[in-house]
Protein chains: 2
Amino acid sequence: MTPDAPPKPIRTAEVIAVGSELLGSTRVDTNSLFLADRLSSLGIELRAKSVVGDNRRELAEHLRRSLERVDLVILSGGLGPTDDDVTRDAVSDALGVPLVEHPEIVDRLRERFARRGLQMPDVNRRQALILEGGVVLSNPNGTAPGQMIVRGHQAIVLLPGPPRELKAMMDVLVSGDGALAKHASRERLFRTTLFVVGRGESHVEEVAQPVYSKWLRHEPPIETTILAAPGQVELHLMTRSPDAADADRALARARDELIAALGGDVFSIDGRSMEEIVGQLLLDRHLTIAAAESCTGGLMMSRLTDVPGSSAYVLGGAVAYSNELKTSLADVDPALIAAHGAVSEPVAVALAEGIRKRAGASIGVGITGIAGPTGGTPEKPVGTVAIAVIAPDGAAHVRTFSLFGTRTMIKFWSSQYAMNMVRRLLIS
Amino acid sequence: MTPDAPPKPIRTAEVIAVGSELLGSTRVDTNSLFLADRLSSLGIELRAKSVVGDNRRELAEHLRRSLERVDLVILSGGLGPTDDDVTRDAVSDALGVPLVEHPEIVDRLRERFARRGLQMPDVNRRQALILEGGVVLSNPNGTAPGQMIVRGHQAIVLLPGPPRELKAMMDVLVSGDGALAKHASRERLFRTTLFVVGRGESHVEEVAQPVYSKWLRHEPPIETTILAAPGQVELHLMTRSPDAADADRALARARDELIAALGGDVFSIDGRSMEEIVGQLLLDRHLTIAAAESCTGGLMMSRLTDVPGSSAYVLGGAVAYSNELKTSLADVDPALIAAHGAVSEPVAVALAEGIRKRAGASIGVGITGIAGPTGGTPEKPVGTVAIAVIAPDGAAHVRTFSLFGTRTMIKFWSSQYAMNMVRRLLIS
């Protein structure tokens, strides 16, 4: 143990982003995402984060409360030279520690201005005020230095708000012998994620809970969070360990048990999206794909072509919104539409077969449905979507889905289920 | 004053987003932006916001602290049926108010599942637990009802996390006689927004600044924020007043001066998106549209068909990713591709003309470009996109754009510029 290591390691943290502009309806604090990532690399858990306006009294109060809860508080922003840069003063108030001007920082600031042929405005001297007993964190990308102060087993870090400045300084803090790394435990955080399609959140929970509750009693214990996202349910597994190999092994075993329970509905175990997974499967098998989309209006093809390199397997297809285009672009027999209606399994199959032939693709997809909010009937309500996939061997797979939600949600889910049918075909 | 109006109006608020997944390095809480906007429409200031994990004890503690500082606390998320949905219990703990099961909510949940032919899992009963003395806020878009409880001059609101559910419910709360509107002061915030396309943020600033700086000295003063968003630059004008007519008049005058300065680049003054604006123009003029998209992969048609009722004017078209499909779906002469390359103005025009004829549409659009990250050449670097629009009279308009950014950004900007060309044609 080094002499300046604290009596116990830092395990928990809160982040406070300072800035009234972050409390409006337009700007999001993204620094905290970066900080969460770097903290977790040290095994430090971000327990909460907040945004506070440029108000000295309120910020001091928030900091005091945070220090009642966690080992480390990182404040970002409010280190500029102007009156509404209140972070230094607020931390001084909260800790009861005075600010001291560091003449060498004043000199450095003066030089920085001089190098640009400018004279330093006097207000910039405020940026040289450092908490008594604190350590100066140099800022390679800006004028505002950061600072860090250790009190008992707790630490407070002040970083500037501009992401380029904050990131460079945080990277130094968490690196090998960085000031934060020195105070962290040997334990690190490890994670893995499973994406599931075709089951609702509560049904995933029902199946997964008996599995993951067991792993909670494992050593090291594995915590699991279930999350419903557009088009998928996500299982996030997390564990803490001083031993990377040990943690990876445990996570892999837990993940494999969950896959065994949930079967082929697990489509991604590395954070990749459905369009990336399907794209990789097509690429690996040297197959191409074409689609004739009606209610999705091209969304499935647009998602597939969001993936770099997708021109190797996406040939394209038709957006056959009108019945005439179903015929002229995908060779659907008008008599079939008259007999079954445009939203029907026979028409979905004809769309898929027609576009597959036209494009000379290995796989054809046909999607036809009612995205709403109007156009539904008692027999075919809004959300009725027929999806067909023609396999490389010419076999047709077709299903009708009953989807809920807004027009854009029905479009998204339709594109997700269509890609999932392709995926299941390719892994079968 | 209604009997249940509080002794003093609600002026300050905090928002607490609940969810451990929001404390990682990938997910951002965007609900709070929407909530800030709606709160400010009632003249309620968001003083701070925070994200807390799915931990009952910690959440209760955070809520207690917030209630020491502000009049209103809105909690979002954690109202699902599973074990890690702790918001109800945490609020109950913080306020010392028990939870009571509402049998009519249980019945409604059962019906909702039954409509999908499913049996309600027993865990979903937790969603029927309401704070004693609280009001149930119905959720038109999901299973989790919200709730609101008033204590003295303070209010606590619980809303579900999914944005679609939260937004619909918040809109009801702040509407004319909504539960939150009743507790706010008479002063309201009024806004208007201009969307600009075809000019960068700093160029909009240069032109708009002399106009809006004048309105800052007006009574009531009008504040302007400039914001770069995907595909557009936004000017947000805002003023505060107890008199709606007064505020609306001032905002309309300021807006008209900005339109005079920025001209036809202002495409929306009511928050409507490019696809909604173009759709309305087509509808008003009884025109139809078809497109042959290459690098955008169907994104323009998907965006156009995101608008309810778009089947009245979108006929569809082709996603002509491969050269063969450019010919077989949009009748592009292979010799033209050989002579000029697939990414060229002649091919863009041929795509637009071919698909217009095939679909029998009034207007045809052709898009061909290099979305990257690979495929660029010195003469045609990544981001080179040729876009053609054929007018109802058969005249061809074609432009080549040089776009920057990631693959998905280049796709989005291409679809935006293509629709903007259609818009300028229709208003000329």
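Located above this text is the structure these notes cover.
Report on the accompanying structure.

How each quantity is defined
Residues numbered from 1 in each chain as written. Chains lettered and ligands numbered in written order. Predicted model: local features only at pLDDT ≥ 70, side-chain atom pairs only at ≥ 80, totals over all residues. Heavy atoms only, no water. Contact = heavy atoms within 4.5 Å. Buried area = accessible area lost by both parts, 1.4 Å probe. Salt bridge = Lys/Arg side-chain N within 4 Å of Asp/Glu carboxyl O. Pairing = 2+ DSSP bridges. Helix = DSSP H or I, 4+ residues; strand = E, 2+ residues; numbered from the N terminus. Axes fitted to C-alpha atoms, helices over the stretch in contact; angles between N-to-C directions. Buried < 20%, exposed > 50% of the residue type's maximum accessible area, 1.4 Å probe, protein only. Right-handed = clockwise from strand over helix to strand, strands pointing away. Left-handed = near helix turned anticlockwise from the far one by under 90°. Nonpolar A, V, L, I, M, F, W, Y, C, P; charged D, E, K, R; others polar. Arc of directions from axis to C-beta.

**Structural notes on the interface of chain A and chain B**
Here comes step 1: If you look at the interface, chain A gives 72 residues, while chain B gives 68 residues.
Here comes step 2: Carbon and sulfur atoms make up 57% of the surface buried where chain A meets chain B, a total of about 5600 Å² over both sides.
Here comes step 3: On the surface where chain A and chain B come into contact, there are seven salt bridges.
Here comes step 4: Where strand β14 (residues 314-320) of chain A lies against strand β14 (residues 314-320) of chain B, five bridges are found, and the strand directions are antiparallel. Looking across to β14 of chain B, one finds that Gly316 of chain A is bridged to Ala320 of chain B.

**Comments concerning the sheet that holds strand β11 (residues 232-241) of chain B**
By definition, the strands of a sheet pair up through backbone hydrogen bonds, in either a parallel or an antiparallel sense.
Residues and elements named next belong to chain B.
Here comes step 1: The four strands are arranged β10-β11-β9-β12 in an open sheet whose pairing can be described as antiparallel. Across the chains shown, the open sheet's two edge strands, defined by having one partner strand only, are β10 (223-229) and β12 (266-268). Geometrically, the sheet is characterised by an average inter-axis angle of 35 degrees between neighbouring strands, direction not taken into account.
Here comes step 2: In this structure, strand β9 (residues 188-196) lies alongside β11, joined through nine bridges in antiparallel fashion.

**With respect to the pairing of β14 of chain A**
Residue and element names in this part refer to chain A.
Here comes step 1: Within β14, seven of the seven residues are buried, which leaves it mostly tucked inside the rest of the structure.
Here comes step 2: One ladder, built from five bridges, connects strand β13 (residues 289-293) with β14; its direction is parallel. The residue of β14 that forms the bridge with Ile289 is Val314.
Here comes step 3: Taken together, β13, helix α9 (residues 299-304) and β14 constitute a β-α-β crossover, and its handedness is right-handed.

**A word on the sheet that holds strand β15 (residues 363-369) of chain B**
Here comes step 1: Read from one edge to the other, the open sheet built from ten strands follows the order β17(A)-β16(A)-β15(A)-β13(A)-β14(A)-β14(B)-β13(B)-β15(B)-β16(B)-β17(B), with strand pairing classed as mixed. Only two strands of the sheet have a single neighbouring strand rather than two, namely β17 (396-402) of chain A together with β17 (396-402) of chain B. Going across the sheet, the axis of each strand differs from the next one's by a mean of 10 degrees, ignoring polarity.
Here comes step 2: Of the strand pairs in this sheet, β15 of chain B and strand β16 (residues 384-390) of chain B are connected by six bridges, and their pairing is antiparallel. For Gly364 of chain B, the partnering residue across the bridge sits in β16 of chain B and is Ile390 of chain B.
Here comes step 3: Sheet strands touched by helix α12 (residues 345-359) of chain A: β13, β14, β15 (363-369), β16 (384-390) and β17 of chain A. Its angle to β15 of chain A, the strand with the most contacts, is close to 145 degrees.

**Quick look at unusual backbone geometry**
Here comes step 1: Of note, the bond from Glu219 of chain A into Pro220 of chain A is cis; its omega dihedral lies within 30 degrees of zero at 0 degrees.
Here comes step 2: Checked against the element boundaries, Pro220 of chain A lands in the loop between α6 (201-216) and β10 (222-229).
Here comes step 3: For Asp331 of chain A, which is not glycine, the phi torsion reads 55 degrees and is therefore positive.
Here comes step 4: The residue Asp331 of chain A is located in the loop between α10 (323-330) and α11 (334-340) in this model.
Here comes step 5: Phi angles above zero are rare outside glycine, and His286 of chain B is one such case at about 55 degrees.

**Notes on the packing of helix α8 (residues 274-284) of chain A against helix α13 (residues 407-427) of chain A**
Residues and elements named next belong to chain A.
Here comes step 1: Close contact between α8 and α13 brings their axes to 10 Å; oriented N to C, the two are set at 35 degrees. Remark: the crossing between α8 and α13 carries left-handed chirality. Residue-level contacts link Met274, Glu275, Ile277, Val278, Leu281 and Leu282 of α8 to Gln416, Met419, Asn420, Val422, Arg423, Leu426 and Ile427 of α13.
Here comes step 2: Tallied by class, residues from the contact of α8 with α13 come to nine nonpolar, two polar and two charged.

**Looking at α10 of chain A**
Residues and elements named next belong to chain A.
Here comes step 1: Three or more residues of α10 are buried, namely Leu325, Lys326, Leu329 and Ala330. Projected down its long axis, α10 carries its buried residues within an arc of 110 degrees, all on one side.
Here comes step 2: Directly beyond the C-terminal end of α10, a positive phi value near 55 degrees is found at Asp331.

**Here's the deal with the environment of Ala184 of chain B**
All names here are of chain B.
Here comes step 1: Of note, Ala184 is situated in the loop between α5 (163-174) and β9.
Here comes step 2: Between the alpha carbons of Ala184 and Pro9 there is a distance of 5.0 Å; along the sequence they are 175 residues apart.
Here comes step 3: Once residues lying within four places of it in the same chain are set aside, the contact partners of Ala184 are Pro9, Ile10, Leu42 and Ile44.

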